[in-house]
Amino acid sequence: MKKRITNPAMVTPAYEDRGLFKKPPTELTVNLIPKFGKNSRQDIIIKGLVANGVEVDVIFAGRRKKNAVELVTLLRHMWENATIYGPKGARAPKRRDVRLPTRVQGSWRTRIVEDDEEWYEREYQLLVARWAFKSEDGEFHSYGEPPFPEQSLAKVSGEG
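Residues numbered from 1 in each chain as written. Predicted model: local features only at pLDDT ≥ 70, side-chain atom pairs only at ≥ 80, totals over all residues. Heavy atoms only, no water.

S.K.: So what exactly am I meant to see when it comes to the overall build of the protein here?
M.R.: Helix and strand counts for the protein come out as three helices and six strands. The order of α-helices and β-strands along the protein, N terminus first, is α-β-β-β-α-β-β-β-α. A burial count over the protein gives 34% of its 160 residues as buried. Partitioning the contacts of the protein with sequence separation of at least 6, the portion at a separation of at least 24 is 55%. Summed over all atoms, the accessible surface of the protein reaches about 10700 Å², with 53% contributed by carbon and sulfur. (Helix = DSSP H or I, 4+ residues; strand = E, 2+ residues; numbered from the N terminus. Buried < 20%, exposed > 50% of the residue type's maximum accessible area, 1.4 Å probe, protein only. Contact = heavy atoms within 4.5 Å. Areas by Shrake-Rupley, 256 points an atom, 1.4 Å probe, with all protein chains shown as cover.)

See below:
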(Lines give C-alpha, C1' and ligand atoms only; values in the text may rest on other atoms or scores of the structure.)
Protein backbone atom coordinates (compact mmCIF):
# COMPACT_ATOMS: atom_id res chain seq x y z
CA MET A 1 0.00 0.00 0.00
CA LYS A 2 1.35 3.42 -0.98
CA LYS A 3 1.62 6.17 1.57
CA ARG A 4 -0.39 9.20 0.66
CA ILE A 5 0.70 12.67 1.73
CA THR A 6 -2.34 14.54 2.95
CA ASN A 7 -0.70 17.71 4.27
CA PRO A 8 0.07 20.00 1.27
CA ALA A 9 2.76 21.76 3.32
CA MET A 10 4.72 18.49 3.27
CA VAL A 11 4.76 18.29 -0.53
CA THR A 12 8.17 19.43 -1.73
CA PRO A 13 8.77 20.67 -5.30
CA ALA A 14 10.84 17.52 -5.98
CA TYR A 15 8.06 15.22 -4.75
CA GLU A 16 5.40 17.10 -6.71
CA ASP A 17 7.43 17.14 -9.96
CA ARG A 18 8.32 13.44 -9.74
CA GLY A 19 4.58 12.71 -9.71
CA LEU A 20 3.76 15.08 -12.56
CA PHE A 21 6.63 14.82 -15.03
CA LYS A 22 7.24 11.14 -15.62
CA LYS A 23 8.42 11.57 -19.22
CA PRO A 24 11.24 13.80 -20.50
CA PRO A 25 10.20 17.43 -21.02
CA THR A 26 9.45 18.78 -24.47
CA GLU A 27 9.03 22.33 -25.77
CA LEU A 28 6.42 23.46 -28.26
CA THR A 29 3.99 26.23 -29.09
CA VAL A 30 0.37 25.52 -28.21
CA ASN A 31 -2.53 27.72 -29.29
CA LEU A 32 -4.61 27.97 -26.14
CA ILE A 33 -8.34 28.48 -26.70
CA PRO A 34 -11.01 29.78 -24.30
CA LYS A 35 -12.20 26.39 -23.07
CA PHE A 36 -11.07 25.77 -19.51
CA GLY A 37 -12.00 24.11 -16.27
CA LYS A 38 -10.58 22.24 -13.29
CA ASN A 39 -10.21 18.62 -12.30
CA SER A 40 -10.87 17.05 -8.89
CA ARG A 41 -7.44 18.27 -7.64
CA GLN A 42 -8.33 21.81 -8.71
CA ASP A 43 -5.61 21.81 -11.39
CA ILE A 44 -6.35 24.28 -14.19
CA ILE A 45 -7.06 22.66 -17.56
CA ILE A 46 -7.08 24.75 -20.73
CA LYS A 47 -7.79 23.31 -24.17
CA GLY A 48 -5.01 23.82 -26.64
CA LEU A 49 -4.44 23.20 -30.34
CA VAL A 50 -1.21 21.61 -31.52
CA ALA A 51 -0.03 20.43 -34.97
CA ASN A 52 -2.83 19.79 -37.48
CA GLY A 53 -5.41 21.34 -35.13
CA VAL A 54 -5.34 18.42 -32.69
CA GLU A 55 -7.05 19.45 -29.44
CA VAL A 56 -5.27 18.54 -26.19
CA ASP A 57 -5.73 19.22 -22.50
CA VAL A 58 -3.04 21.58 -21.22
CA ILE A 59 -2.76 21.04 -17.46
CA PHE A 60 -1.31 23.48 -14.92
CA ALA A 61 -0.93 21.46 -11.73
CA GLY A 62 0.40 21.82 -8.23
CA ARG A 63 2.33 24.95 -7.35
CA ARG A 64 2.16 26.19 -10.96
CA LYS A 65 -1.63 26.52 -11.12
CA LYS A 66 -1.77 29.82 -9.21
CA ASN A 67 0.13 31.53 -12.06
CA ALA A 68 -2.13 29.97 -14.72
CA VAL A 69 -5.08 32.03 -13.45
CA GLU A 70 -3.71 34.93 -15.53
CA LEU A 71 -4.05 32.79 -18.67
CA VAL A 72 -7.67 31.97 -17.86
CA THR A 73 -8.43 35.66 -17.27
CA LEU A 74 -6.78 36.67 -20.55
CA LEU A 75 -8.56 33.95 -22.54
CA ARG A 76 -11.91 34.90 -20.96
CA HIS A 77 -11.28 38.54 -21.95
CA MET A 78 -10.29 37.55 -25.49
CA TRP A 79 -13.49 35.49 -25.81
CA GLU A 80 -15.63 38.37 -24.54
CA ASN A 81 -13.97 40.73 -27.04
CA ALA A 82 -14.61 38.29 -29.89
CA THR A 83 -18.26 37.67 -29.00
CA ILE A 84 -19.44 41.00 -27.59
CA TYR A 85 -17.34 43.48 -29.52
CA GLY A 86 -16.95 41.56 -32.77
CA PRO A 87 -18.13 43.01 -36.06
CA LYS A 88 -21.93 43.41 -36.29
CA GLY A 89 -23.52 40.99 -38.72
CA ALA A 90 -20.50 38.68 -38.76
CA ARG A 91 -20.94 35.01 -37.89
CA ALA A 92 -20.49 34.19 -34.24
CA PRO A 93 -16.93 32.99 -33.55
CA LYS A 94 -16.19 29.47 -32.43
CA ARG A 95 -13.92 28.99 -29.43
CA ARG A 96 -11.27 27.49 -31.73
CA ASP A 97 -11.18 30.84 -33.59
CA VAL A 98 -9.84 32.65 -30.50
CA ARG A 99 -6.24 31.59 -29.90
CA LEU A 100 -3.40 32.58 -27.62
CA PRO A 101 -0.05 31.24 -28.87
CA THR A 102 1.85 30.03 -25.82
CA ARG A 103 5.36 28.60 -25.65
CA VAL A 104 5.24 25.62 -23.31
CA GLN A 105 7.73 23.26 -21.69
CA GLY A 106 6.11 20.17 -20.27
CA SER A 107 5.58 16.43 -20.37
CA TRP A 108 3.08 14.44 -22.41
CA ARG A 109 0.72 11.96 -20.83
CA THR A 110 -1.98 9.86 -22.48
CA ARG A 111 -5.27 8.61 -21.12
CA ILE A 112 -7.54 5.98 -22.55
CA VAL A 113 -11.19 7.02 -22.38
CA GLU A 114 -14.40 5.34 -23.45
CA ASP A 115 -16.72 7.30 -25.76
CA ASP A 116 -20.53 7.18 -25.86
CA GLU A 117 -20.48 4.17 -28.19
CA GLU A 118 -18.12 2.25 -25.89
CA TRP A 119 -15.11 2.68 -28.18
CA TYR A 120 -11.78 3.37 -26.53
CA GLU A 121 -9.99 6.50 -27.54
CA ARG A 122 -6.58 7.96 -26.68
CA GLU A 123 -6.62 11.45 -25.15
CA TYR A 124 -3.48 13.57 -24.95
CA GLN A 125 -2.61 15.78 -22.01
CA LEU A 126 0.32 18.16 -21.68
CA LEU A 127 1.47 18.78 -18.11
CA VAL A 128 3.06 22.22 -18.04
CA ALA A 129 6.25 23.14 -16.18
CA ARG A 130 7.01 26.52 -17.82
CA TRP A 131 5.10 28.78 -20.20
CA ALA A 132 5.43 32.13 -21.92
CA PHE A 133 3.02 34.32 -23.90
CA LYS A 134 2.36 37.89 -24.99
CA SER A 135 -0.54 39.72 -23.37
CA GLU A 136 -3.04 41.76 -25.39
CA ASP A 137 -0.90 44.87 -24.89
CA GLY A 138 2.16 43.05 -26.29
CA GLU A 139 3.89 42.55 -22.95
CA PHE A 140 5.83 39.29 -22.62
CA HIS A 141 4.97 37.08 -19.62
CA SER A 142 6.86 33.99 -18.45
CA TYR A 143 5.96 31.64 -15.58
CA GLY A 144 6.89 28.31 -14.04
CA GLU A 145 10.17 26.52 -13.63
CA PRO A 146 11.82 23.45 -15.16
CA PRO A 147 10.69 20.13 -13.73
CA PHE A 148 12.60 19.48 -10.50
CA PRO A 149 14.55 16.39 -11.68
CA GLU A 150 15.93 18.51 -14.53
CA GLN A 151 17.07 21.17 -12.04
CA SER A 152 18.81 18.52 -9.92
CA LEU A 153 20.69 17.14 -12.92
CA ALA A 154 21.82 20.63 -13.92
CA LYS A 155 23.27 21.25 -10.45
CA VAL A 156 25.12 17.91 -10.41
CA SER A 157 26.64 18.57 -13.83
CA GLY A 158 27.77 22.06 -12.79
CA GLU A 159 25.19 23.98 -14.87
CA GLY A 160 22.82 26.58 -13.40
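S.K.: Even after reading the chapter, I still don't get the pairing of strand 6 (residues 140-144), so can you show me in this structure?
M.R.: Working note: regular strand, side chains alternate between the two faces of the sheet. Inspection of the sheet shows strand 5 (residues 120-134) paired to strand 6 by five bridges, in the antiparallel sense. Bridge pairing links Ala 132 to Ser 142 in strand 6. Linkage of strand 5 to strand 6, two consecutive antiparallel strands, is achieved through a turn of five residues, within which Gly 138 is found at a positive phi near 85°. (Pairing = 2+ DSSP bridges.)

S.K.: Is there a simple way to explain the side chain of Asp 57 in this structure?
M.R.: Note that Asp 57 resides in strand 3 (residues 55-60). Of the residues examined, Asp 57 reaches a relative accessible area of 10% and is grouped as buried. Side chain to side chain, Asp 57 and Lys 47 meet in a polar contact 2.6 Å long. Residues within four places of Asp 57 in sequence aside, it is in contact with Ile 45, Ile 46, Lys 47, Glu 123, Tyr 124, Gln 125 and Leu 126. (Polar contact = N/O pair within 3.5 Å; in protein donor to acceptor, adjacent residues only side chain to side chain.)

S.K.: Help me out: how do you make sense of the packing of aromatic side chains in this one?
M.R.: Aromatic ring pairs: the centre-centre distance and the angle between the two ring planes describe each pair. Taken as a whole and judged by the stated rule, the model has four aromatic pairs. Taken together, a centroid distance of 4.9 Å and an interplanar angle of 75° make the contact between Phe 60 and Trp 131 edge-to-face. Here Phe 60 is found in strand 3, whereas its partner Trp 131 is found in strand 5, with 71 residues between them in sequence. The pair formed by Phe 60 and Trp 131 is uniform in burial state, with each residue classed as buried. Ring centres of Phe 133 and Tyr 143 lie 6.4 Å apart, and the angle between their planes is 25°; this geometry places the pair in the stacked category. (Phe/Tyr/Trp six-rings, centres within 6.5 Å; stacked < 30°, edge-to-face > 60°.)

S.K.: I tried to follow unusual backbone geometry on my own but got confused; where do I start?
M.R.: A negative phi angle is the norm for most residues apart from glycine, just as the trans form is the norm for most peptide bonds. Positive phi, normally seen in glycine, also occurs at Gln 42, with a value near 65°. Relative to the assigned elements, Gln 42 resides in the loop between strand 1 (26-38) and strand 2 (44-49). Relative accessible area serves as the criterion here: at 43%, Gln 42 is assigned to the partly exposed category. The backbone phi angle of Glu 118 is positive, close to 65°, even though this residue is not glycine.

S.K.: Mind showing me how you'd approach the pairing of strand 2 here?
M.R.: Burial of strand 2 is extensive: five of the six residues sit out of reach of the surface. Relative to strand 2, strand 1 runs antiparallel, the two being bridged by five bridges. Note that in strand 2 the partner of Leu 32 across the bridge is Gly 48. Between strand 1 and strand 2, which pair antiparallel one after the other, the connecting turn spans five residues, and Gln 42 there sits at a positive phi close to 65°. When strand 2 meets strand 3, the two strands line up antiparallel, connected through six bridges. When the bridges of strand 3 are listed, Ile 44 appears paired with Phe 60. Counting the residues between successive antiparallel strands, the hairpin from strand 2 to strand 3 contains five residues, one of them, Asn 52, with a positive phi of roughly 60°.

Geometric values such as these leave the question of function open.
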